Amino acid sequence: MRQKKAKMISVLSVTALFAGVLAGCGGAAEKEETAGGSTPQGEGKTVTISLLTDNTQDAVNQAKGVIEAFEAKYPNIQVEHETRPGGGEGDNLVKTRLATGDMTDVFWYNAGSLMQALNPEQNLVDLTNEPFMKNVVDSFKPTVMFKDKLYAGPLGSTMGGGWLYNKKVYSQLGLSVPKTWAELMANNEKIKAAGITPVIGSFKDDWTTQIVVLADYYNVQAQTPKFADDYTANKAKFADTPAALRSFEKLEEIGKKGYFNKDFLATTYDAGLKMIAEGKGAHYPMLTFAIPAIEQNYPDQIGDIGFFAQPGDSPDVNGLTVWVSNGAYIYKKSEHIEEAKKFVEFTSSIEGIEALTKMSKPSGPLLVKEAKLPDNVPQVVKDMMPYFDTNKTAPALEFVSPIKGPSLAQITTEVGAGFKPAKEGAQLYDKDVEKQAKQLGLQGW
Amino acid sequence: MTTILKRTYSYYFLLPAALIYIAIFLVPTLMSFFFSLTRWSLIEWKFIGLENFITFFEEPSLRIGFKNTLLYAVITCVLKVVLGLLLGVFLTSKIRTKGYLRSVIFFPTLVSTIAVGLAFSMMMHPTQGLINTTLAKLGIAGPDWLGNPDLALISVALVDVWKGVGFATVIYIAGILSIPEEYYEALQIDGGGALHKFWNIIVPLSRPATNSVIILSFIGGLRSFDLVWAMTKGGPGFSTDLIASIIYKQYQGGFYGLATAGNVILFLVVTLLAFPLYMYLNRKEAEL
């Protein structure tokens with residue numbers, strides 16, 4: 001009797017398990033159907049599209065703002081928001097979801113080299129001939145282009161890569177914004193003498209260690225204008241190009257002279273933002289996308305933070321390395337491509353930009369023609385504008401070349417922390433890049 | 001016909017297990033052997049022969065990875081054996097709070113590895129962490145536990161031991177309790193002390209427990225990944241990279257074929273190291 005009972009239980013539990021598995025598979029599709037069918041509001045039925053963004057506070061805010069405004073304009077389209085982690089983990093997730101056919105209708109993702117790795121022809125909807133593309137600033141287009149086709153609308157603003165600095169510390173010590181690397185180092189020496197951390201290192205989040213190298217690209221391009229093409233074609237290397245090697249040397253120099261905070265290897269990005277806001281550190285090499293976070297967490301200090309481009313060796317060459325915004329992409333196998341296009345069109349319109357910038361202050365000039373920056377932009381954005389007005393900007397290398405080695409962050413950690421000399425770091429990075437170029441099947445490798 | 005049915009009758013009982021084994025172990029293993037020979041984007045693949053293996057062996061951080069993996073496996077294995085045995089002896093002795101202490105020592109095994117990693121990396125912060133602020137109060141300047149490339153791996157290994165020693169202790173407790181009482185009585189008659197008891201009875205007779213702990217923690221150490229990833233992500237730089245974390249990074253870079261090749265290599269390494277060790281330990285056990 002007891003045996004029979006046990007058998008019964010096991011049969012039941014196996015059935016339940018299978019039912020659960022099957023239900024799990026069908027769940028997503030079912031939900032969409034009911035969402036589509038349940039609220040027939042007058043004209044046509046409501047369609048729900050899904051949106052995937054990364055999970056930073058800022059991206060969530062942006063998505064919230066855009067979705068609210070969009071749903072108000074198109075009451076028949078609902079947008080469901082999902083988030084994913086950032087960094088390499090997020091890249092992986094996006095690629096896996098694309099590969100397994102489980103992507104959301106619209107997703108926000110990096111432009112440039114990371115987008116090239118998504119297999120655009122197979123996975124993304126071609127937006128080249130969409131009318132809204134005419135309103136998009138031309139400098140954005142090459143970064144979302146694959147074989148002469150455009151795959152994304154822009155999201156909001158550009159950002160600059162360079163040095164955030166604390167204006168209070170600068171005025172307190174009587175320093176002025178440096179135009180050359182030597183001047184910057186001289187400033188650092190004075191700051192160190194005053195007992196303040198000259199350069200904030202947040203190596204615990206190792207992606208932050210790349211900024212000094214990446215933000216130096218304006219200087220590289222100024223000296224060797226053909227570097228990006230030669231680098232992509234396997235004709236130029238970081239280690240053999242003096243201007244490019246210099247980027248690694250700059251990072252090495254900061255570490256060697258002891259300008260980082262004492263616990264830089266254990267400091268996180270968030271802790272770094274706190275240090276620059278409170279003036280415990282004078283400089284933080286960073287992208288200006290940090291601004292919304294600083295503004296949110298330290299609203300009283302945001303006015304103290306200024307920005308300058310990473311200086312080169314000559315005062316005549318002084319310009320800004322620019323990162324364009326993420327793109328809004330549409331998944332090719334989406335069942336609601338028309339509605340998804342409306343959503344991307346909206347985020348690429350002046351209306352959409354306004355909804356977005358209301359929730360999160362722009363970190364640089366906007367990417368839609370005739371969209372104006374709000375008057376109350378933070379000091380950092382004001383500091384960036386002269387570079388744009390005088391046309392002294394260059395896109396970061398990852399937007400003009402499809403290759404960016406995956407181990408750069410570890411290599412720059414080693415160079416910055418003084419485990420490895422700059423030259424060796426650059427050579428190691430060249431190897432890392434070679435591996436990726438081969439995987440991408442680029443010509444000449 | 002019926003004789004064949006009869007003769008194979010007993011094998012029918014193996015069928016469900018065999019199907020499960022084939023579906024969730026054999027097929028993926030064979031597939032991974034295949035995909036390790038391709039350039040693979042999860043949708044498309046292109047056969048490229050042994051190129052992935054060559055690339056993987058050329059990986060600059062691989063030498064550090066191999067060294068670290070071995071070092072990590074040996075450190076955690078040795079410490080778990082030694083501490084597990086000592087704790088096992090302690091917790092089978094006549095102390096009053098035995099039950100309570102047993103659960104205290106087993107508790108860390110139950111906590112999620114990621115949670116342990118995050119908690120310890122906070123405690124090991126060089127200026128604000130609990131460990132160094134406590135040391136500072138005693139007048140000792142603590143090191144940068146996870147930032148110093150020479151020390152970081154050992155710090156992680158120690159946390160691994162803290163987390164895993166409870167399991168080793170449980171195995172030892174079971175081993176020690178299964179030693180027949182007569183041996184102790186004989187020792188008492190011969191007039192042996194506590195040290196004799198430890199060296200001449202407990203250590204040799206809990207040999208099966210020792211072997212289990214060695215094999216389990218050594219293989220666990222070779223394949224270790226989650227704790228290192230939660231605490232250092234293989235950093236600073238490449239200094240705490242293990243084979244498993246190098247593989248994970250290839251996967252993150254989108255090099256799926258290459259990462260699979262790395263997994264095949266790890267599989268072979270673990271087999272080549274663990275299998276002879278297992279044979280060796282087993283033979284010793286039989287001789288006893």
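Residues numbered from 1 in each chain as written. Chains lettered and ligands numbered in written order. Predicted model: local features only at pLDDT ≥ 70, side-chain atom pairs only at ≥ 80, totals over all residues. Heavy atoms only, no water.

Each helix and strand in chain A was counted, giving 19 helices and 13 strands. For chain A, the spread of C-alpha atoms along the three principal axes comes to 80 × 60 × 50 Å. Taken over 445 residues, chain A has a buried fraction of 54%. Considering only contacts in chain A between residues 6 or more positions apart, those separated by 24 or more positions represent 77%. (Helix = DSSP H or I, 4+ residues; strand = E, 2+ residues; numbered from the N terminus. Buried < 20%, exposed > 50% of the residue type's maximum accessible area, 1.4 Å probe, protein only. Contact = heavy atoms within 4.5 Å.)

Right, let's talk about the overall build of chain B for a bit. Per the secondary structure count, chain B includes 14 helices and two strands. Against the 2.2 N^0.38 benchmark of 19 Å for 288 residues, chain B shows a C-alpha radius of gyration of 24 Å, more extended than a compact globule. Looking at chain B as a whole, 42% of its 288 residues qualify as buried. Taking contacts inside chain B between residues at least 6 apart in sequence as the whole, the part at least 24 apart equals 67%. Carbon and sulfur atoms make up 71% of the accessible area of chain B, which amounts to about 16200 Å² in all. For chain B, the centre of its 20 positive side-chain charges and the centre of its 15 negative side-chain charges are spaced 5 Å apart. (Rg over C-alpha atoms; globule rule 2.2 N^0.38 Å. Areas by Shrake-Rupley, 256 points an atom, 1.4 Å probe, with all protein chains shown as cover. Lys, Arg positive; Asp, Glu negative; His and termini not counted. Charge placed at Lys NZ, Arg CZ, Asp CG, Glu CD.)

Residue and element names in this part refer to chain B. Under the UniProt annotation, "transmembrane region" (unreviewed entry) lies at residues 12-35, 70-92, 104-124, 151-177 and 255-281. Secondary structure over residues 70-92 splits into 100% helix and 0% strand, and the C-alpha atoms at its two ends are 32 Å apart. Each end of residues 151-177 is marked by a C-alpha atom, and these two atoms are 38 Å apart; helix forms 96% of the span and strand 0%. (UniProt positions renumbered as here; feature names shortened; annotations may be inferred.)

Turning next to the interface of chain A and chain B. Counting residues at the interface gives 25 residues for chain A and 33 residues for chain B. Taken together, the two surfaces of chain A and chain B that pack against each other cover about 2500 Å², and 56% of this comes from carbon and sulfur. Taken together, the connections running from chain A to chain B amount to one salt bridge. The residue Glu59(B) makes a salt bridge to Lys435(A) at a minimum N-O spacing of 2.7 Å. The tally of links from chain A across to chain B stands at four residue pairs in polar contact (both at pLDDT 80 or more). Every element with two or more residues in the side of chain A that touches chain B is listed here: α3 (87-99), α5 (120-123), α18 (408-416) and α19 (422-440) of chain A. Of the residues forming the side of chain A that touches chain B, the biggest block, six residues, is contributed by α3(A). Taken together, the residues of the side of chain A that touches chain B break down into seven nonpolar, eleven polar and seven charged. (Buried area = accessible area lost by both parts, 1.4 Å probe. Salt bridge = Lys/Arg side-chain N within 4 Å of Asp/Glu carboxyl O. Polar contact = N/O pair within 3.5 Å; in protein donor to acceptor, adjacent residues only side chain to side chain. Nonpolar A, V, L, I, M, F, W, Y, C, P; charged D, E, K, R; others polar.)

Moving on: the sheet that holds strand β1 (residues 47-54) of chain A. All names here are of chain A. The strand order across the open sheet built from five strands is β2-β1-β3-β12-β6, with neighbouring strands paired in mixed fashion. With one partner strand each, in any of the chains shown, β2 (77-84) and β6 (153-154) form the two edges of the open sheet. Here β1 runs beside β2; their pairing, made up of eight bridges, is parallel. Residue pairing for β2: leucine 52 is matched across the bridge by glutamate 82. (Pairing = 2+ DSSP bridges.)

To continue, consider the pattern of salt bridges. Once the charged atoms of two side chains with opposite charge are near each other, the side chains can pair. Scanning the model with the defined rule gives 21 salt bridges over all chains in all. One salt bridge in this structure joins Lys168(A) and Asp304(A), with 3.7 Å as the shortest N-O distance. Within this pair, whereas Lys168(A) is found in helix α6 (residues 167-173), its partner Asp304(A) is found in the loop between α13 (291-297) and β10 (305-309), the two being separated by 136 residues in sequence. Judged by relative accessible area, Lys168(A) falls into the exposed class, the value being 52%. A relative accessible area of 16% means that Asp304(A) is categorised as buried. For the salt bridge of Asp160(B) with Lys80(B), the shortest nitrogen-to-oxygen distance reads 3.2 Å. Taken as a pair, Asp160(B) in helix α8 (residues 152-177) and Lys80(B) in helix α4 (residues 62-92) lie far apart in primary sequence, 80 residues in all. You'll find Asp160(B) and Lys80(B) in the same group, each marked buried. Several salt bridges share partner residues, and in doing so they unite Glu82(A), Arg97(A) and Asp102(A) into one network.

Side chains three or four residues apart in an α-helix point the same way, a direct result of the helix having 3.6 residues per turn. Residue and element names in this part refer to chain A. Its 15 residues give helix α11 (residues 242-256) an end-to-end C-alpha distance of 20 Å, which sits within 8% of 21 Å, the value for a rise of 1.5 Å per residue. At phenylalanine 248, α11 shows its maximal kink, close to 25 degrees. Within α11, the full set of buried residues consists of Ala243, Ala244, Leu245, Arg246, Ser247, Phe248, Lys250, Leu251, Glu252 and Ile254. In the segment just after α11, glycine 258 is the residue with positive phi, at about 70 degrees. (Expected span 1.5 Å × (residues − 1). Bend = angle between axes of the 7 residues up to and from the residue.)

What follows covers the nonpolar core. Residues Phe107(A), Trp108(A), Leu164(A), Phe248(A), Ile294(A), Tyr329(A) and Phe343(A) are the most contacted members of the largest nonpolar core, which totals 121 residues. Looking at which domains feed residues into this core, each of domain 1 (7-157 + 326-359) and domain 2 (159-323 + 379-439) of chain A supplies at least three. Membership of the second largest hydrophobic core comes to 37 residues, among which are Ala168(B), Ile247(B), Ala261(B) and Ile265(B). (Core = buried A, V, L, I, M, F, W, Y, C linked by side-chain atoms within 4.5 Å. Domains from an automatic or database assignment.)

Residue and element names in this part refer to chain A. Applying the stated criterion across every chain yields a total of 35 aromatic pairs over all chains. A centroid spacing of 6.0 Å and a plane angle of 80 degrees characterise the contact between tryptophan 163 and tryptophan 181, whose relative ring orientation is edge-to-face. Taken together, the residues span a long stretch of sequence, with tryptophan 163 in strand β7 (residues 159-166) and tryptophan 181 in helix α7 (residues 181-193) at a distance of 18 residues. Geometrically, the ring pair formed by tryptophan 207 and phenylalanine 289 is edge-to-face, given 6.0 Å between the ring centres and 85 degrees between the ring planes. Within this pair, whereas tryptophan 207 is found in the loop between β8 (197-199) and α8 (211-214), its partner phenylalanine 289 is found in the loop between β9 (281-287) and α13, the two being separated by 82 residues in sequence. (Phe/Tyr/Trp six-rings, centres within 6.5 Å; stacked < 30°, edge-to-face > 60°.)

Before going further, it helps to spend a moment on the pairing of strand β3 (residues 106-109) of chain A. Residue and element names in this part refer to chain A. Burial of the side chains of β3 extends over both faces: Val106 and Trp108 are buried on one face and Phe107 and Tyr109 on the other. Relative to β3, β1 is paired through two bridges, and the arrangement is parallel. Each residue of the ladder has a partner; that of leucine 51, found in β3, is valine 106. Bridge analysis of β3 against strand β12 (residues 327-330) gives four bridges, and the strand direction is antiparallel. Looking at β12, one finds that phenylalanine 107 is bridged to tyrosine 329.

Attention shifts here to the packing of α4(B) against α8(B). Residues and elements named next belong to chain B. Axis separation between α4 and α8 bottoms out at 6 Å; the angle between their running directions is 40 degrees. The angle between the axes of α4 and α8 places the two elements in the oblique class. For the crossing formed where α4 meets α8, the hand is right-handed. Of the residues assigned to the contact of α4 with α8, the class counts are 22 nonpolar, seven polar and two charged. (Axes fitted to C-alpha atoms, helices over the stretch in contact; angles between N-to-C directions. Parallel < 35°, antiparallel > 145°, perpendicular 65-115°, else oblique. Left-handed = near helix turned anticlockwise from the far one by under 90°.)

What follows covers the UniProt feature "domain: ABC transmembrane type-1" (unreviewed entry) in chain B. UniProt records the feature "domain: ABC transmembrane type-1" (unreviewed entry) for residues 66-277 of chain B in the present numbering. Along residues 66-277 of chain B, the helical share is 76% and the strand share 0%, with 18 Å between the first and last C-alpha atoms.

Attention now goes to the side chain of Asp241(B). Residue and element names in this part refer to chain B. Here aspartate 241 lies in the loop between α12 (226-231) and α13 (243-252). Look at aspartate 241 and you get buried, because its relative accessible area is 1%. Apart from residues no more than four positions distant in its own chain, aspartate 241 is found in contact with Ser61, Ile64, Gly65, Asn68, Gly234, Ile246 and Lys249.

Turning our eyes to something else, we now look at α19(A). For α19(A), which comprises 19 residues, the first-to-last C-alpha distance of 27 Å matches the rise-based estimate of 27 Å (1.5 Å per residue) to within 8%. Those residues of α19(A) not exposed but buried are Ala422(A), Gly425(A), Ala426(A), Leu428(A), Tyr429(A), Asp430(A), Asp432(A), Val433(A), Lys435(A), Gln436(A), Ala437(A) and Gln439(A).

It is worth spelling out the domain arrangement of chain A at this point. Residue and element names in this part refer to chain A. When its domains are assigned, chain A resolves into domain 1 (7-157 + 326-359) and domain 2 (159-323 + 379-439). Of note, the centres of domain 1 and domain 2, computed from C-alpha atoms alone, are 32 Å apart. In this assembly, nine residues from domain 1 lie in contact with nine residues from domain 2. For the pairing of domain 1 and domain 2, the buried interface totals around 620 Å² over both sides, and the portion due to carbon and sulfur atoms is 51%. Counting the surface domain 1 buries against domain 2, the share from its top three residues, Asp58, Ser113 and Thr143, is 51%. Our count for the domain 1 to domain 2 interface comes out at zero salt bridges.

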